[in-house]
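# Structural features, examined
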Amino acid sequence: MRTSESVTELGLYTSTCCQEELIFDIGDVLCRCPHCESVCDWELTDVLISHKDLDSFSPTYPGSGLLRPHSDRKSETSDR
Ligand SMILES: [Zn+2]
């Protein structure tokens, strides 16, 4: 992948000249290297998960595990 080409995969890209890391989304145009500001090659180093895929994960988010049993505290204070 090279500067001015359009991105086909959301991910973390690294410029081969300076190892500058940037995240590009699908449809983005690869920019020049942010370090040396010249036309460069970009290498896809990490594929990222899109927001659509993340939504399917949210129901399994362990939010219920954070709930504390407040009733225990109340009974403690009422004893005094
Ligand atoms: Zn560079």
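For the structure, check the block above.
Residues numbered from 1 in each chain as written. Predicted model: local features only at pLDDT ≥ 70, side-chain atom pairs only at ≥ 80, totals over all residues.

Turning our eyes to something else, we now look at the overall build of the protein chain. A count of helices and strands for the protein chain gives 2 helices and 3 strands. For the protein chain, the N- to C-terminal ordering of α and β elements is β-β-β-α-α. In the protein chain, which comprises 80 residues, the share counted as buried stands at 9%. By sequence separation, contacts in the protein chain at least 24 residues apart represent 52% of the contacts at least 6 residues apart. (Helix = DSSP H or I, 4+ residues; strand = E, 2+ residues; numbered from the N terminus. Buried ≥ 20, exposed ≤ 12 C-beta atoms within 10 Å, placed from the backbone. Contact = placed C-beta atoms within 7 Å.)

One open sheet accounts for 3 strands, arranged β2-β1-β3; its pairing is antiparallel. Edge positions in the sheet fall to β2 (21–24) and β3 (42–47), since each has one partner strand and no second. On average, each strand axis in the sheet is inclined to that of its neighbour by 35°, with strand direction left out of account. (Pairing = 2+ DSSP bridges. Axes fitted to C-alpha atoms, helices over the stretch in contact; angles between N-to-C directions.)

One non-glycine residue, S4, lies in the positive phi region at around 80°. With respect to the helices, strands and loops of the structure, S4 is situated in the segment before β1 (11–15). S4 gets classed as exposed once you count the C-beta atoms within 10 Å, which come to 9. The residue Q19 is not glycine, and still its phi comes out positive at about 60°. Note that Q19 resides in the loop between β1 and β2.

Time to look at the environment of T14. Mapped onto the fold, T14 is located in strand β1. Here T14 falls in the partly exposed class, since 17 other C-beta atoms lie within 10 Å of it. Sequence separation of T14 and D46 is 32 residues, and the distance between their C-alpha atoms is 9.2 Å. Among all residues touching T14, those that are not within four sequence positions of it are Q19, E20, E21, W42, E43 and T45.

The next point concerns the nonpolar core. Grouped together as the largest cluster of nonpolar side chains are 6 residues: Y13, F24, L30, C33, C40 and W42. Leaving out residues up to four positions away in the same chain, F24 has contacts with V7, Y13 and L30. (Core = buried A, V, L, I, M, F, W, Y, C linked by C-beta atoms within 7 Å.)

This part covers the environment of M1. Residue position: M1 is located in the segment before β1. Measuring from C-alpha to C-alpha, the distance between M1 and L30 comes to 7.9 Å, with 29 residues separating the pair along the chain. In this view, M1 contacts Y13, L30, D41, W42 and L44; residues no more than four positions away in its chain are not counted.

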